[in-house]
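Coordinates in review
Given next are the chains, with one letter for each unit.
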Amino acid sequence: MKGDKHEEQELGSEPTASQQPTEEEEALIEFHRSYRELFEFFCNHTTIHGAIRLVCSQHNRMKTAFWAVLWLCTFGMMYWQFGLLFGEYFSYPVSLNINLNSDKLVFPAVTICTLNPYRYAKIKEELEELDRITEQTLYDLYKYNFSNTLVAHPRGRRDLGETLPHPLQRLPGPAPPHEARRARMASSVRDNNPQVNRKDWKIGFQLCNQNKSDCFYQTYSSGVDAVREWYRFHYINILSRLPVDASVSLEKDQLDNFIFACRFNQVSCNQANYSHFHHPMYGNCYTFNDKNNSNLWMSSMPGINNGLSLTLRTEQNDFIPLLSTVTGARVMVHGQDEPAFMDDGGFNLRPGVETSVSMRKETLDRLGGTYGDCTKNGSDIPVQNLYGSKYTQQVCIYSCFQENMIKECGCAYLFYPPLPGVDFCDYRKHNSWDEQAEDVTSQDVLSYCYYKLQDAFASNRLGCFTKCRKPCSVTSYQLSAGYSRWPSVTSQDWVFQMLSLQNNYTINNKRNGVAKLNIFFEELNYKTNSESPSVTMVTLLSNLGSQWSLWFGSSVLSVVEMAELIFDLLVITFLMLLRRIRSRYWSPGRGRRGAREVASTPASSLPARFCPNPASPSSSPPGPATSLALTAPPPAYATLGPCPSLASSAGASSSACTPGEP
């Protein structure tokens, strides 16, 4: 402790007679004697505002109490603010930074479909049989003569060469509300259309497992929707019997029959600028400027004359009229490395209209790790990318669903790529496909197995939405469309004449057979949205310093002073505990035995720790007073000050230490 000398010396050592008093030496590390001394020193010397008031007003207890309460409240408020700042930091918030850039832009990929499902030669007979059964169904249900064949040779569906499973039929009318509620609880009847006040509106088809223990009734309020969806159901099963590479064998001259003219940046397109694939519902599709293009198109100027311009043939070639009920073309704008999901992001072109689509490019860069749940390239996603393309959330979700489809039903769904060696689902080959029914929507008509899987998929019981995280980097195109009549009344004659001479364009209603499409960048400025941490370590330290200065008006050095105070408190507490242990277990004997031992010991042979500054032997001869002075037991530990006067404690004028000596 501060001001102490060496406490221990060897027992039996006698002080040297020639030893002279020396000044108190300053130790390398010193501590205060008590908490009070430490607190007074801190309050008198600290740079924290308000602490000095605790000492200056110590003679006024009311002021001392007021400043003590105020100081503690301020201290508590500051650390409450500290807690809020640390909570905000560890929540990892992000800020959205918007930058506007201007540069040459890579033109996106553009996919265009004919909206005419193709009749493959290998399944032509099966499709014709499906057409005849559907036409007979329309006549049986609605007495509608689809062709003169049914009028000349009326016959029932049973008379046809082959009966398809799951026939389209009228279903009983809706039950009363309480009975319908009870029936809905007891069976798996589902209806995907709201009820309307019509008689006998329910029409649909039924799907059951092999023993018919569980059935699913798919009903519609519109006969058009019912016939179309029922046709699609069987059309998908017929397409599944084709080889996977059947669409590759399509004739390449189909492009000339669909696209009359193609120009980009005032330059005509060629065969190297596009690739072809077949969509089950949208027919032949052509992708311009995809990743297979050797030289990607670049846009150095905005405007309609510096983009893609297409003249399309949109007439219905009567490929499958029962399946395709719209005319025009389907268009989608997407990135080069992204597959074209025509159902999700496409739009239709109207015949006889020039559609001008202006684009604005936008990019979004998200922070991953602790700041957001995104993936950079999908390598950390536990789902196999069946498309072999750039990772997107749609690619992952559809791949996840296909994996579960193969696992649960034993076959692949026709709309998504299959795994190697896995066939597409066909109710003639796969019992599990026929044993199950499906949830039919406006786009997908599946079996019962798909229905169960789709229900689990929609409720995320498959975990696809959890597994498939958002990509950290996303590029999108904001589209704005304008429409005008094309060609105009005054120019349509010569336009159609030119199309007829050059492209063999012969159609009665010429305006319904052509459309024009322009896609271009509205401007070369593109917006970049990037995330950045809202609270960095520098921001956190700045906020902490601001709060510290607000409540105490101090700096970083004041924090060091607080740390030093806490350290001194811990050291003093440790030393006091150590002294108490020494006084109880390691100090000389106490009580009568200790008094007798000390009284019988000459003063000259006492340890120096009992008297740090012993007097010279000649200054005070031993006598009765000395014996009386030594009858009191020595203290259990070294005193914190100079040697106390033994004479004052014994009531004698002499002591072991000469009064007045240091």
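Residues numbered from 1 in each chain as written. Predicted model: local features only at pLDDT ≥ 70, side-chain atom pairs only at ≥ 80, totals over all residues. Heavy atoms only, no water.

The chain carries the name Epithelial sodium channel subunit alpha in an unreviewed UniProt entry, which gives Equus przewalskii as its organism. In its Sequence similarities (unreviewed entry) section, UniProt records this for the chain: "Belongs to the amiloride-sensitive sodium channel (TC 1.A.6) family. SCNN1A subfamily." (UniProt positions renumbered as here; feature names shortened; annotations may be inferred.)

Taken as a whole and assessed by the stated rule, the structure comprises 6 disulfides. Here Cys 262 connects covalently by a disulfide to Cys 269, the sulfurs 2.0 Å from one another. Judged by the torsion about the S-S bond (-65°), the Cys 262/Cys 269 disulfide is left-handed. Disulfide partner of Cys 374: Cys 472, at an S-S distance of 2.1 Å. Here the S-S torsion is close to 90°, and the disulfide linking Cys 374 with Cys 472 is therefore right-handed. Note that Cys 374 is positioned in strand E17 (residues 374-375) and Cys 472 in the loop between strand E18 (470-471) and strand E19 (473-485), a separation of 98 residues in sequence. For Cys 374, a relative accessible area of 9% translates into the label buried. Here Cys 472 falls in the buried class, since its relative accessible area comes to 10%. (Disulfide = S-S within 2.5 Å. Helix = DSSP H or I, 4+ residues; strand = E, 2+ residues; numbered from the N terminus. Buried < 20%, exposed > 50% of the residue type's maximum accessible area, 1.4 Å probe, protein only.)

The axes of two packed helices give the description: the angle between them and the distance between them. Where helix H3 (residues 61-90) contacts helix H15 (residues 537-552), the axes come no closer than 10 Å and their chain directions differ by 165°. The orientation of H3 with respect to H15, classified from their angle, is roughly antiparallel. The two elements H3 and H15 meet at a crossing, and its hand is right-handed. Residues Trp 71, Thr 74, Phe 75, Met 77, Met 78, Tyr 79, Gln 81, Phe 82, Leu 85, Phe 86 and Tyr 89 of H3 form the contact with H15, whose participating residues are Met 537, Leu 540, Asn 543, Leu 544, Gln 547, Trp 548, Trp 551 and Phe 552. (Axes fitted to C-alpha atoms, helices over the stretch in contact; angles between N-to-C directions. Parallel < 35°, antiparallel > 145°, perpendicular 65-115°, else oblique. Left-handed = near helix turned anticlockwise from the far one by under 90°. Contact = heavy atoms within 4.5 Å.)

In this section: helix H7 (residues 223-239). Spanning 17 residues, H7 covers 24 Å between terminal C-alpha atoms, matching the ideal 24 Å at 1.5 Å per step. In terms of burial, H7 is a largely internal element, 14 of the 17 residues being buried. (Expected span 1.5 Å × (residues − 1).)

So, on to the pairing of strand E20 (residues 514-521). Burial analysis of E20 places 7 of its 8 residues in the buried class, the great majority of the element. Of the strand pairs in this sheet, strand E13 (residues 308-313) and E20 are connected by 6 bridges, and their pairing is antiparallel. From the neighbouring strand, Leu 310 faces E20, where its bridge partner is Leu 517. Where strand E16 (residues 353-365) meets E20, 6 bridges bridge the pair, whose relative direction is parallel. Paired with Met 359 across the strands is Phe 521, a residue of E20. (Pairing = 2+ DSSP bridges.)

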